[in-house]
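# Fold and contact review
Given next are the chains, with one letter for each unit.
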Amino acid sequence: MDGAFGASALLSEQHKRDLAGIELSDSLSWDAHKWLLQTYGCSMVLVRDQSLLSHSFAAHPEYLKDAESAAGAVEFWDLGPELTRPARALKLWLTLQVLGSQAVGRVIDHGCAMAELAEQRLRSNPAWQIICPAQLGILNFRYVADGTLPDSQLDRLNQAIAKEITDSGFAQVFTTELLGKKVLRLCIIHPETTEQDVLQTIHRLEQAQAIAPANR
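Residues numbered from 1 in each chain as written. Predicted model: local features only at pLDDT ≥ 70, side-chain atom pairs only at ≥ 80, totals over all residues. Heavy atoms only, no water.

### Description of the nonpolar core
Applied cut-off: What we call a nonpolar core is a set of buried Ala, Val, Leu, Ile, Met, Phe, Trp, Tyr and Cys residues that are connected through their side-chain atoms within 4.5 Å. Buried, partly exposed and exposed residues are distinguished by accessible area as a fraction of the type maximum, computed with a 1.4 Å probe on protein chains only: under 20%, between the cut-offs, and over 50%, respectively. Any two residues having at least one pair of non-hydrogen atoms within 4.5 Å are treated as being in contact.
W128, F141, L184, L186 and L205 are the most contacted members of the largest nonpolar core, which totals 26 residues. Dropping the residues within four chain positions of it, W128 is found in contact with L122, F141, R142, Y143, V144, I161, L184, L205, E206 and Q209.

Dropping the structure here:
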């Protein structure tokens, strides 16, 4: 299963129930650099059956014979494609030791609350349509103007709005496609994002609507 950043909700008392059933997975990839306060390049793969990794990646060339540990010991070079493995897990371990899992869970709760705030604010304006309600810090929505424009034109408008606000440098609002339509996507996982940041982002999105007539 691809846990990406969403699997981090397992640390949240409020939102871990959203991942009910994840324990049935045979494997789980999980990016700690997305929602566990780590710099880029800190990911993990959890597997139910460790032998699947060793069967996939293990190699026993002659030049490694002297480096092998005692029989039955875990040789980490057998568990992934990298022979020389950097200590990426150390920074995650240190973060959890210093902050504790409960504090990291509160970071996740905060991101979810900020996405819910953004949804609440956008729902108050009929020019915006919520495509996928806020879930685990992500909100997908779409500018629909007065509801009379064709989807192809709205796709171009939403792409232009995303470019306008991203180019401003204030926030990054990218697009994706859902139900065959171009939609805007907020992913709020930065622990220092404030309510004011969210409201200002929505305000800038509403200002970006001014570019719409030029794209009709």
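### So, the sheet that holds strand 6 (residues 181–187)
Just so we agree on the cut-off: Two strands qualify as a pair provided that DSSP identifies no fewer than 2 bridges between them. A run of H or I in DSSP counts as a helix once it spans at least four residues, and a run of E counts as a strand once it spans at least two, with each numbered from the N terminus. In this analysis, axes come from line fits to C-alpha atoms, helices being fitted only over the stretch in contact, and the angle between any two N-to-C directions falls in the range 0 to 180 degrees.
As summarised here, the arrangement of the four strands in space is 3-4-6-5, forming an open sheet in which the pairing is antiparallel. The sheet is open, and its two borders are formed by strand 3 (128–135) and strand 5 (174–178), each paired with just one other strand. Along the sheet, successive strands turn relative to each other by an average axial angle of 30 degrees, direction set aside. Across the face of the sheet, helix 4 (residues 101–123) comes into contact with strand 3, strand 4 (138–143) and strand 6 while running at roughly 160 degrees to strand 3.

### Here we look at the packing of helix 5 (residues 151–168) against helix 6 (residues 195–208)
Quick note on the threshold: Here the word oblique covers every angle except those under 35 degrees (roughly parallel), over 145 (roughly antiparallel) and from 65 to 115 (roughly perpendicular). For any helix crossing, the convention is left-handed if the near helix is rotated counterclockwise from the far helix by under a right angle, and right-handed if that rotation is clockwise.
Two elements in contact, helix 5 and helix 6, have axes separated by 9 Å at closest approach and are oriented at 130 degrees. On the basis of the axis angle, helix 5 is oblique to helix 6. For helix 5 against helix 6, the interelement crossing comes out right-handed. In contact with I161, E164, I165 and S168 of helix 5, helix 6 contributes T201, R204, L205 and A208.

### Focus on the packing of aromatic side chains
To keep it simple, the criterion reads: Two aromatic rings from Phe, Tyr or Trp, using only the six-membered ring of Trp, form a pair when their centres are within 6.5 Å; if the ring planes differ by under 30 degrees the pair is stacked, by over 60 it is edge-to-face, and anything between is tilted. In this analysis the charged atom, NZ for Lys or CZ for Arg, is taken to sit over a ring once it is within 6 Å of the ring centre and within 35 degrees of the ring normal.
Counting across every chain of the model gives three aromatic pairs. Centre to centre, the rings of W128 and Y143 are 5.3 Å apart; their planes meet at 55 degrees, and the pair counts as tilted. Remark: Y143 occurs in strand 4 and W128 occurs in strand 3; sequence separation between them is 15 residues. In terms of burial, W128 and Y143 fall into one category: buried. Every member of this aromatic cluster is reached through a ring pair, and the members are W128, F141 and Y143. One Lys or Arg, R204, reaches over the ring of F170 and ends 4.1 Å from the middle of that ring.

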